[in-house]
Amino acid sequence: MTRINVVGVTRIFGTDERMVAALADVNLQIADGQLVALMGPSGSGKTTLLNMISALDRPNSGEIFVDDVAIAGISDDARGAIRQRIGFIFQRFALIPTASAYENIEFALRIAHIPRDEWHTRIMHTLAQLDMQPHAHHRPSELSGGQQQRIAIARALATDPPLIIADEPTANLDSHRGATVLELFRTLCQHGKTIVMSTHDATAVRYATHICRMHAGQIVSMAPPTPTNDATPTSPPQNATASKPRTTPRNG
């Protein structure tokens, strides 16, 4: 089953001479069980594409289907309902600073309408998956950047969403912790989850089912990882300069 279908999506920021084409006529299909790594230089459109897929932003043109539901033009309430079925891992964590790690995950379960009698079991299970049980009652200010990132990951997993959107999920982790998270992602996808993540981590290539390479707001390639494309740097698509307005890429 196709979990995500992006059809001719363009996202432009600004107007006139300050126009920025963050995405230019992007097409992408992602199936159930795939772990897709979006790779490319900063400004290539990775984060913008994640925002489109997760109903956090709207395209100027084109359509995005999530579970066969067209989300580009639906109401804010309907978009909120879509987001409740997605686990978000934000690059800057987005943890509640006054709440403990336990309470941050609890809040996610509350707004996802998970039954209260399941909260403790879910929270402790996800904390255990990421080796964070000893820090359950620590606030973000009492945790390192890597520990905060693992709490953000635990929060996304606790609601058991079918789709997980992750923006640089291993950026603040050492190589061992990063590999542990990526192995967990791979296992989740083997059990039917779909994960789309942006990353600059070359290690991610070994865990992803597909590598989606981006440049200047366009998709250069989408393919399973191979020894050849693992080492191939991102290069511009042949039609990159002809297809859309001349603009400066937005950070992605």
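Above this text sits the structure in question.
What you are looking at is a predicted structure, and each value in this text was computed from that prediction instead of being measured.

A cluster of nonpolar side chains, contributed by I96, F107 and I111, occupies part of the molecular surface with about 250 Å² of accessible area. As for its position among the elements, I111 is in helix α3 (residues 101–111).

The next point concerns the environment of I53. Within the secondary structure, I53 sits in helix α1 (residues 46–53). By relative accessible area, I53 is classed as buried at 0%. For the pair I53 and I86, spaced 33 residues apart in sequence, the C-alpha to C-alpha distance is 10.0 Å. Contacts of I53, omitting those with residues within four sequence positions, involve I4, V6, I64, V66, I71, I86 and I165.

Of all twelve residues in strand β1 (residues 2–13), nine are buried; the element is thus mostly enclosed. Relative to strand β2 (residues 20–31), β1 runs antiparallel, the two being bridged by eight bridges. Residue pairing in the sheet places I4 in a bridge with I30 of β2. Between β1 and β2, which pair antiparallel and follow one another directly, the connecting turn spans six residues, one of which, G14, has a positive phi of 80°. Of the pairings in the sheet, the one linking β1 to strand β4 (residues 61–66) comprises five bridges and is antiparallel in character. Within the sheet, the bridge partner assigned to V6 lies in β4 and is I64.

Turning next to the packing of aromatic side chains. Summed over all chains, the structure comprises one aromatic pair. With a centroid separation of 5.6 Å and 5° between ring planes, the pair formed by F88 and F90 is classed as stacked. By relative accessible area, which is 14% here, F88 ends up buried. We classify F90 as partly exposed; its relative accessible area is 34%.

Turning to the environment of R122, a few remarks are in order. By secondary structure assignment, the location of R122 is in helix α4 (residues 119–129). Under the relative-accessibility criterion, R122 is labelled partly exposed at 21%. Counting along the chain gives 38 residues from R122 to D160, while the straight-line C-alpha distance between them is 9.0 Å. Filtering out sequence-adjacent residues up to four positions away, R122 remains in contact with L109, I114, A158, T159 and D160.

The rules behind each value
- Per-chain numbering applies: the sequence of each chain, read as written, is numbered from 1 onward.
- At least 70 in pLDDT is required for a residue's local features to be given in this predicted model, at least 80 for side-chain atom pairs to be given and counted, and no such filter applies to totals for whole chains, interfaces and linings, which use all residues.
- To obtain the side-chain values, all non-hydrogen atoms of the structure were used and water was disregarded.
- Each patch groups residues whose relative accessible area exceeds 30% and which form no salt bridge, using 9 Å between like charges and 5 Å between nonpolar side chains of Val, Leu, Ile, Met, Phe, Trp and Tyr.
- Only the protein chains shown count as cover for residues, and all accessible areas are computed by the Shrake-Rupley method using a 1.4 Å probe.
- Any Lys or Arg side-chain nitrogen located within 4 Å of an Asp or Glu carboxyl oxygen qualifies as a salt bridge.
- Where helices and strands are cited, they refer to DSSP runs of H or I of at least four residues and of E of at least two residues respectively, numbered from the N terminus.
- Burial here depends on accessible area, computed with a 1.4 Å probe over protein chains only, as a share of the maximum for the residue type. Under 20% is buried, over 50% is exposed, and the range in between is partly exposed.
- In this description, contact between two residues means that some pair of their heavy atoms is separated by no more than 4.5 Å.
- Should DSSP find at least two bridges between two strands, the strands are taken to pair.
- Classification of ring pairs uses Phe, Tyr and Trp, with its six-membered ring standing for Trp, and accepts pairs whose centres are within 6.5 Å; under 30 degrees between planes counts as stacked, over 60 as edge-to-face, and the remaining range as tilted.

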